[in-house]
Amino acid sequence: MKKIILEWLLGFLISALAYIVLFYINDGLTAHLIFGLGVSWIYLPAGLRLFLTLIFGLPGALGIAIASFFISYLGSFPRELATCIGIGLISGFAPYLARVFILRNLDISSDLSNLTLPKLVICTLVYAILSAGLHQWWFSVRSLDETGSFNHFLVMLIGDVLGTTVLVGLIKVGLDLLKPSKRS
């Protein structure tokens, strides 16, 4: 029982901290690519959201949700509790919903051992559509300036797909660099 609680807490903390760190790194690197409030042409944390929820499940989703709430509340969004809670919940649970959909419909094992590139592409697209759609719907419900339009949805979708692709590429290159080189 203690091991399960420890694993759950560890997944939660790793997810929250990793998301906060990558959010601010992304914010610094891509500030010139911002399209509108909460919308960027490249959003690296999208890939992290997806992977953290694929790896940690519910603890990952909750860690991302709480981190995203604080980022939103302390950042450029209006300091409205309901608005920021909704943003946090969507940020954490859009990738979790994608995870549930993918695990049930694409024959991917829960340990991701049979995750292939085509399955990852489908997973990325399902997640990006859910995330962009739910975020833009919420922004519209909360009447945030110049948000909730199809253009914002499309740019957020593109930003999530590009961010996930770049992050996956960086992870792949990093893993390749860690592998011992084969001698000819």
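Let us look at the structure shown here.

So, how was this worked out
- Residues numbered from 1 in each chain as written.
- Predicted model: local features only at pLDDT ≥ 70, side-chain atom pairs only at ≥ 80, totals over all residues.
- Heavy atoms only, no water.
- Core = buried A, V, L, I, M, F, W, Y, C linked by side-chain atoms within 4.5 Å.
- Buried < 20%, exposed > 50% of the residue type's maximum accessible area, 1.4 Å probe, protein only.
- Helix = DSSP H or I, 4+ residues; strand = E, 2+ residues; numbered from the N terminus.
- Contact = heavy atoms within 4.5 Å.
- Salt bridge = Lys/Arg side-chain N within 4 Å of Asp/Glu carboxyl O.
- 1 Å grid on protein atoms, 1.4 Å probe; cavity = no way out; pocket = protein on both sides within 12 Å on 5 of 7 lines; lining within 4 Å.
- Points joined across faces, edges and corners; volume = space filled by probe spheres on them.
- Nonpolar A, V, L, I, M, F, W, Y, C, P; charged D, E, K, R; others polar.

Brief notes about the nonpolar core
Alright, step 1. If you look at the biggest cluster of nonpolar residues, it comprises 39 residues, and the most contacted ones within it are Tyr19, Phe77, Ile102, Tyr127 and Phe139.
Alright, step 2. Those elements that place two or more of their residues in this core are helix H1 (2-29), helix H2 (44-56), helix H3 (58-74), helix H4 (81-105), helix H5 (117-141) and helix H6 (150-178).
Alright, step 3. Not counting the four nearest positions on each side in its chain, Phe77 is found in contact with Leu37, Gly38, Ser72, Cys84, Ile87, Phe139 and Leu144.

With respect to the pattern of salt bridges
Alright, step 1. In this structure the tally under the stated criterion is two salt bridges.
Alright, step 2. For the salt bridge of Glu7 with Lys3, the shortest nitrogen-to-oxygen distance reads 4.0 Å. In this pair, Glu7 and Lys3 are both assigned in helix H1, four residues apart and thus about one turn of the helix distant.
Alright, step 3. With a relative accessible area of 60%, Lys3 lands in the exposed category.

What to know about the layout of surface pockets
Alright, step 1. Roughly 530 Å³ of volume is contained in the largest pocket.
Alright, step 2. For the lining of the largest pocket, the per-class residue count stands at twelve nonpolar, 13 polar and three charged.
Alright, step 3. Estimates place the volume of the second largest pocket at around 250 Å³.
Alright, step 4. Surrounding the second largest pocket, Phe51, Leu115, Thr116, Leu117, Leu120, Val168, Ile171, Lys172 and Leu175 form its lining.
Alright, step 5. Taken together, the elements giving at least two residues each to the lining of the second largest pocket come down to H5 and H6.
Alright, step 6. When residues of the lining of the second largest pocket are assigned to their parent elements, the largest contribution, four residues, is made by H6.
Alright, step 7. Looking at the lining of the second largest pocket residue by residue, the classes come out as seven nonpolar, one polar and one charged.

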